[in-house]
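Here's the letter readout for the chains.
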Amino acid sequence: MNKEMDAKSVVAQLRDGMTIGVGGWGPRRKPMALIREILRSDLKDLTIAAYGGPEVGMLCAAGKVRKLIYGFVSLDAIPIEPYFRKAREAGSIEVNELDEGLLLLGLQAAGHQLPFLPTRVGLGSDVMTYNPYLKTVRSPYEDGEELLAMKAIRLDAALIHVSRSDRLGNTQTDGPDPYFDPLFARAADKVFVTAEELVDRIDISHPHLAKNNLFERYLVTGVVSAPLGAHPTTSHDGYGWDMAHLKVYSASASEESGWKRYFDEFIAGGEEGYLDRVGGRAHVRALPIPAF
Amino acid sequence: MINANDFSLAELVIVAAAEAWRGDGEVLATGIGPLPRIAAGLAKLTFAPGLVLTDGEAYTVEEPIPLGSRDHQIKPSGWMPYSRVFDSVWSGKRHAMVTPVQVDRFGQANISALGDFKRPKVQMLGVRGFPGNSVCHKNSMFLPNHGKRTFTEAEVDVVASVGHNPARWPLSAKRKPVDLGIVVTNLCVLDFNGPNHAAQVLSLHPGVSFEEVQAETGFPLLRAKRMRVSVAPTEEQLAIIRRLDPSEIRANVIKGNPPGRKAA
């Protein structure tokens, strides 16, 4: 069993119109190498579900997105994702803007093969107004409370960045926070991971890090070796986000044909030379992990 | 304890904001943004030792982390990844202080978008965790720029956090009462605990009049029974604030970093 793939063959398994979940959180641990391969492809009409960072903005800028499911989209130090903002203000994408916790519950329901999960989250807010598909359900017990029934968010595929993976699909995710990567993995029919490090057998090389395993290998369809592949986002414990690059990216959004220029300069030439174009491997490796 | 003579408005606001957590006991205290975060640390180090703080990333700490200190050695007391933040939110054992872009007379707040949601004039962050926070635990607010654009005459453009608007709640939906704490601004401290949850001013910052606050607010305000002047920081509080914010990030929050006492 060998699940190693390259990014292009992952993208070849994706189809127009699919619902794709992206792991990570804001500008943290995004599977950017795969996102860039999607940007280079002719995939379109995607529904993207994410705790959104630059991947959401880039996919919007490239016209890949039909619908977004999100609780927020942000570059953290740059609070508002510029291309996400542009797409919203142009009214060019359909959106399900959810409470972050509703996104969590929707993924969890899908992973547990349930139609919905009950919650109070969202009641009384405009989340109900602008997501008219959301319905309520009444508690069958004495309390009779009316609750929001958060509908399962089933994903055709999830794209997740990990610290290391073996060829069997066992993964480890270093860093202080798993975010909701395990929920994305369970909600998806197929999971593709990009890994900082690809090893033959993680049980032999890294058994002491087994608690960093967030989801079982039977969920994983393919693993892609992608050292520094989360750039320009943070990949714990390797390197921090590249705020200087994110600023260049953000600035392009307010320039005429800015996206085309950004795409041509950094992305179009293929993943092979990407790291050189953004300053080189040593530069990315040395990016400090931000403290708060 | 002697109240200091020389302090900035930001420092006065921090001291007023710390009061949000008085009497909370042991809860997760989340101050989002520099002043609320310093305020939570100040509360913990003075009158609210039970508060559980985080390092802003994924750990709980017993010693508040100074702002902007990259080299600070974090000593975690526990683990608080986002999944556990939601567990804490939904259990109700949390009190957050946040900075919305709009607040209305019901205490409803918006960080999602301005204008028509379907095609916003300005898209902001999205609702984030506001809907869940507001129905599950206590929330206070800090607004650095008190004016009619932030305290809106009409309902906020997008109701991200729930307030006391009965029209938003069908009679059939039983509910926990919304728990709004205090709202600290660059002019005053107010809450929504007047008659029928009306907004009322609890204290005016030194040199600010009630009429001035009302003129900058899009909905009617009441004077709280014991409305007073916001209390000046003590030297002890100022020393803690300096320790929690050694690089004076607090000086960049309120426009012009004015002094705490308005020049006469």
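Keep in mind that what you see is a predicted model, and the values were worked out from it rather than measured.

*Asks:* Which parts of the structure should I look at to understand the overall build of chain A?
*Replies:* Each helix and strand counted, chain A has twelve helices and twelve strands in total. Relative to the compact-globule value of 19 Å for 292 residues, chain A shows a C-alpha radius of gyration of 19 Å, a close match. Looking at the 292 residues of chain A, the share that counts as buried comes to 53%. Taking all contacts inside chain A whose residues are at least 6 apart in sequence as the whole, residues at least 24 apart take part in 75%.

*Asks:* Teacher, can you tell me more about the overall build of chain B here?
*Replies:* Helices and strands together make up the secondary structure of chain B, namely six helices and 14 strands. At 18 Å, chain B has a C-alpha radius of gyration in line with the 18 Å of a compact globule built from 264 residues. Overall, the C-alpha framework of chain B stretches about 50 × 50 × 35 Å when taken along its three principal axes. Going through the 264 residues of chain B one by one, you find that 51% of them count as buried.

*Asks:* What exactly am I supposed to notice about the packing of helix α3 (residues 54-61) of chain A against helix α4 (residues 82-89) of chain A here?
*Replies:* Packed helices, taken two at a time, are described by the angle their axes make and the gap between the axes. All names here are of chain A. For the pair α3 and α4, interaxial distance at closest approach is 7 Å and the crossing angle is 50°. As far as their axial angle goes, α4 and α3 are oblique. The crossing of α3 and α4 is left-handed. Here V56, G57, M58, C60 and A61 of α3 come into contact with α4, specifically with P82, Y83, F84 and A87. Partitioning the contact of α3 with α4 into residue classes produces eight nonpolar, one polar and no charged.

*Asks:* I'm lost on the interface of chain B and chain A in this one. Help?
*Replies:* Size of an interface: often given as the accessible area lost when the parts come together. Counting residues at the interface gives 37 residues for chain B, matched by 36 residues for chain A. Only α3 (82-91) and α4 (130-136) of chain B provide two or more residues apiece to the side of chain B that touches chain A. Residues belonging to the side of chain B that touches chain A are distributed by class as follows: 20 nonpolar, nine polar and eight charged.

*Asks:* Got a minute to help me understand unusual backbone geometry in this structure?
*Replies:* What you tend to see is this: most non-glycine residues have negative phi, and most peptide bonds are trans. Of note, the bond from H231 of chain A into P232 of chain A is cis; its omega dihedral lies within 30 degrees of zero at 10°. With respect to the element layout, P232 of chain A can be found in the loop between β12 (220-225) and α9 (243-252). With an omega of -10°, the peptide bond between H236 of chain A and D237 of chain A qualifies as cis. Its identity as a non-glycine residue notwithstanding, D76 of chain A has a phi of 65°, on the positive side. Mapped onto the secondary structure, D76 of chain A falls in the loop between β4 (65-73) and α4. In the Ramachandran plot, N257 of chain B falls in the positive-phi region, its phi being about 40° despite a non-glycine side chain. Within the element layout of this structure, N257 of chain B appears in the segment after α6 (235-244). On the basis of neighbour count, N257 of chain B is assigned to the partly exposed category, with 13 C-beta atoms found within 10 Å.

*Asks:* I keep staring at the confidence of the model for chain B and nothing clicks. Help me out?
*Replies:* In low-pLDDT segments, the atomic positions of the prediction should not be examined closely. Confidence in the prediction for chain B averages 94 pLDDT; 95% of positions are at 70 or higher. Interface confidence for the predicted complex, expressed as ipTM, amounts to 0.94; the pTM equals 0.96.

*Asks:* Any chance you could explain the domain arrangement of chain A here in plain terms?
*Replies:* On domain assignment, one finds that chain A holds domain 1 (4-98 + 154-202 + 210-280) and domain 2 (116-151). A C-alpha centroid distance of 31 Å is found between domain 1 of chain A and domain 2 of chain A.

*Asks:* Is there a simple way to think about the environment of S230 of chain B in this case?
*Replies:* Of note, S230 of chain B is situated in the loop between β14 (222-229) and α6. For the pair S230 of chain B and Q108 of chain B, spaced 122 residues apart in sequence, the C-alpha to C-alpha distance is 24 Å.

*Asks:* What's the story with the sheet that holds strand β7 (residues 135-138) of chain A in this structure? I'm lost.
*Replies:* Strand pairing in a sheet relies on backbone hydrogen bonds, with the paired strands running either antiparallel or parallel. Residue and element names in this part refer to chain A. What the three strands build is an open sheet, ordered β6-β8-β7; its pairing is antiparallel. The open sheet has two edge strands, β6 (116-119) and β7, and neither has a second partner. Each strand axis lies, on average, 45° off the axis of its neighbour in the sheet, ignoring direction. Note: β6 against strand β8 (residues 146-151), four bridges, orientation antiparallel. Paired with T119 across the bridge in β8 is L148.

*Asks:* Explain the packing of helix α1 (residues 9-18) of chain B against helix α2 (residues 34-46) of chain B to me, please; I cannot follow it from the model alone.
*Replies:* Residue and element names in this part refer to chain B. One way to put it is that α1 packs onto α2 with a least axis distance of 8 Å and a crossing angle of 55°. When the interaxial angle is binned, α1 and α2 end up oblique. The hand of the α1/α2 crossing is right-handed. Residue-level inspection shows A10, V13, I14, A17 and A18 of α1 in contact with α2, the latter providing L35, P36, I38, A39, L42 and A43. Looking at the contact of α1 with α2 residue by residue, the classes come out as eleven nonpolar, no polar and no charged.

*Asks:* So what exactly am I meant to see when it comes to α2 of chain B here?
*Replies:* Residue pairs spaced three or four apart in an α-helix point in one direction, given the helix's 3.6 residues per turn. Residues and elements named next belong to chain B. In this model, α2 (13 residues) spans 18 Å end to end at C-alpha, consistent with the 18 Å of a helix rising 1.5 Å per residue. Burial of α2 is extensive: twelve of the 13 residues sit out of reach of the surface. Listed as buried for α2 are P34, L35, P36, R37, I38, A39, A40, G41, L42, A43, K44 and L45. Next to the buried residues of α2 lie α1, β1 (28-31), β2 (53-54), β5 (94-98), β10 (138-143) and α6.

*Asks:* Could you clarify how one ought to interpret the sheet that holds β10 of chain B in this entry?
*Replies:* All names here are of chain B. The seven strands lie next to each other as β1-β5-β10-β11-β12-β13-β14, forming an open sheet whose pairing is mixed. Each having just a single partner strand, β1 and β14 make up the two edges of the open sheet. Geometrically, the sheet is characterised by an average inter-axis angle of 15° between neighbouring strands, direction not taken into account. Its contacts with the sheet put α1 on β5, β10, β11 (180-185) and β12 (188-191), and the angle it makes with β11 is roughly 175°.

What counts and what doesn't
Residues numbered from 1 in each chain as written. Chains lettered and ligands numbered in written order. Predicted model: local features only at pLDDT ≥ 70, side-chain atom pairs only at ≥ 80, totals over all residues. Helix = DSSP H or I, 4+ residues; strand = E, 2+ residues; numbered from the N terminus. Rg over C-alpha atoms; globule rule 2.2 N^0.38 Å. Buried ≥ 20, exposed ≤ 12 C-beta atoms within 10 Å, placed from the backbone. Contact = placed C-beta atoms within 7 Å. Axes fitted to C-alpha atoms, helices over the stretch in contact; angles between N-to-C directions. Parallel < 35°, antiparallel > 145°, perpendicular 65-115°, else oblique. Left-handed = near helix turned anticlockwise from the far one by under 90°. Nonpolar A, V, L, I, M, F, W, Y, C, P; charged D, E, K, R; others polar. pLDDT = per-residue confidence, 0-100. Domains from an automatic or database assignment. Pairing = 2+ DSSP bridges. Expected span 1.5 Å × (residues − 1).

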